[in-house]
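# Observations on the model geometry
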Amino acid sequence: FLQTSAAAAAAASVPYFGWTSPIIAQDAKTTSKNDRPILGCIGTGDRWDAVGPQAMNFADCVAVCDVDAEHAAKGKNRAESENKKKGRERDVEVHEDYRKLLDRKDIEVVTIVTPDHWHSKIAIEALQAGKDVYCEKPLTLTIDEGKQIIKVLKETGRVFQVGTQQRSEMSAEKGKF
């Protein structure tokens, strides 16, 4: 009985990390400026509807960028709404040129949800600008582009993630995508 009780108590004391975990502060109102990174979103089209709000569970968005004015306006409204839900009233700037967003010193992390042929170029420039990056797949169109990204990652030491939905989802049935 003592061994079983001790094992159960030990298992219960291990933190559970998930999307709804208070440890991740998905819905927590934070007070320190260091509690949540500052986010910029490059590309706010249809796919961004899933990526942007997910990123805003962990960061405060201060800028969006899209060459399509309607997408950019929609992104701004969604970002301000998501910030407000987290108790973080922030104005969200809109840019047509992603380089203006990368020039902002306060932005720490960016999402890249643009057409595929822009992923590598924007990712490299974001890393060089000192940003951590989440980029949708496909990351590259050529092997050489991948080598260039690895080189810049090693030079900058930034954090980089590529979305691999349909390949890494926990709920996918074995062998089905």
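Up top you'll find the structure we're talking about.
The following paragraphs examine the structure supplied in this document.

### Some points on the pairing of strand β5 (residues 132-135)
By the alternation rule, side chains of β5 split into Asp 132 and Tyr 134 and Val 133 and Cys 135, which are all buried. Each parallel crossover has a hand, and for strand β4 (residues 109-112) linked through helix α5 (residues 119-128) to β5 it is right-handed. Taken together, the three bridges between β5 and strand β6 (residues 160-162) define a ladder with parallel strand orientation. Bridged to Tyr 134 within β6 is Gln 161. The handedness of the β5 to β6 crossover, carried by helix α6 (residues 143-156), is right-handed.

### Brief notes about the pairing of strand β1 (residues 38-42)
Among the five residues in β1, five count as buried, and that is most of the element. Side chains Ile 38, Gly 40 and Ile 42 of β1 all project onto a buried face; the interleaved residues Leu 39 and Cys 41 project onto the opposite face, where all are buried too. Relative to strand β2 (residues 60-65), β1 runs parallel, the two sharing five bridges. In the strand pairing of β2, Cys 41 is matched with Val 64. As paired strands, β1 and β4 are joined by four bridges and run parallel to one another. When the bridges of β4 are listed, Ile 42 appears paired with Ile 112.

### Focus: the side chain of His 95
Relative to the elements of secondary structure, His 95 occurs in strand β3 (residues 93-95). Within polar-contact distance, the side chain of His 95 engages the side chain of Glu 93 at 2.9 Å. Discounting chain neighbours no more than four positions away, the residues touching His 95 are Ala 63, Val 64, Cys 65, Asp 66, Lys 100, Leu 101 and Arg 104.

### A word on the sheet that holds β6
Within the open sheet, the six strands sit side by side as β3-β2-β1-β4-β5-β6. Their pairing is parallel. At either end of the open sheet lies a strand with only one pairing partner, and these are β3 and β6. Averaged over all neighbouring strand pairs, the angle between strand axes comes to 20°, with direction disregarded. Bridge count for β4 against β5 is four bridges, and the pairing is parallel. Bridge pairing links Ile 112 to Cys 135 in β5. In the packing of helix α2 (residues 48-55) onto the sheet, the strands contacted are β1, β4 and β5, and the crossing angle to β4 comes to about 165°.

### A word on the pattern of salt bridges
In this structure the tally under the stated criterion is 14 salt bridges. Its salt-bridge partner being Arg 88, residue Asp 60 comes within 2.8 Å of it at the nearest N-O pair. Placement of the pair is Asp 60 in strand β2 and Arg 88 in the loop between α3 (69-85) and β3, with a sequence separation of 28 residues. When sorted by exposure, Asp 60 lands in the same class as Arg 88, which is buried. The salt bridge partner of Glu 82 is Lys 85, with a shortest N-O separation of 3.3 Å. Taken together, the residues span about one helical turn, with Glu 82 and Lys 85 both in helix α3 at a distance of three residues. Three or more residues joined by partner-sharing salt bridges are found here, namely Arg 36, Asp 60, Arg 88 and Arg 90.

Cut-offs used in this document
Counting restarts for each chain, with residues numbered from 1 along the sequence as it is written. It should be noted that, the model being predicted, local features are given only for residues of pLDDT at least 70 and side-chain atom pairs only at 80 or more, the latter also being counted only at that level, while totals for whole chains, interfaces and linings use all residues. For side-chain calculations, the full set of non-hydrogen atoms in the structure is used, while hydrogens and water are omitted. Per-residue accessibility, obtained with a 1.4 Å probe over protein chains only, is compared with the maximum for each type, and a residue is labelled buried under 20%, exposed over 50%, and partly exposed between these values. The helix count covers DSSP runs of H or I at least four residues long, the strand count covers runs of E at least two residues long, and both are numbered beginning at the N terminus. By definition, the crossover connecting two strands over a helix is right-handed if that path, from the first strand to the second, turns clockwise as seen with the strands pointing away from the viewer. Pairing between two strands requires that DSSP report at least two bridges joining them. Any N or O atom pair separated by 3.5 Å or less is treated as a polar contact, with the protein-specific requirement of one donor-capable and one acceptor-capable atom, and with residues adjacent in sequence counted only for side-chain atom pairs. Contacts were defined at the residue level, with two residues in contact if any of their heavy atoms lie within 4.5 Å. Each axis is a line fitted through C-alpha atoms, and for a helix only the stretch in contact is used; angles between axes span 0 to 180 degrees, taken between their N-to-C directions. For this document, the term salt bridge refers to a Lys or Arg side-chain nitrogen within 4 Å of an Asp or Glu carboxyl oxygen.

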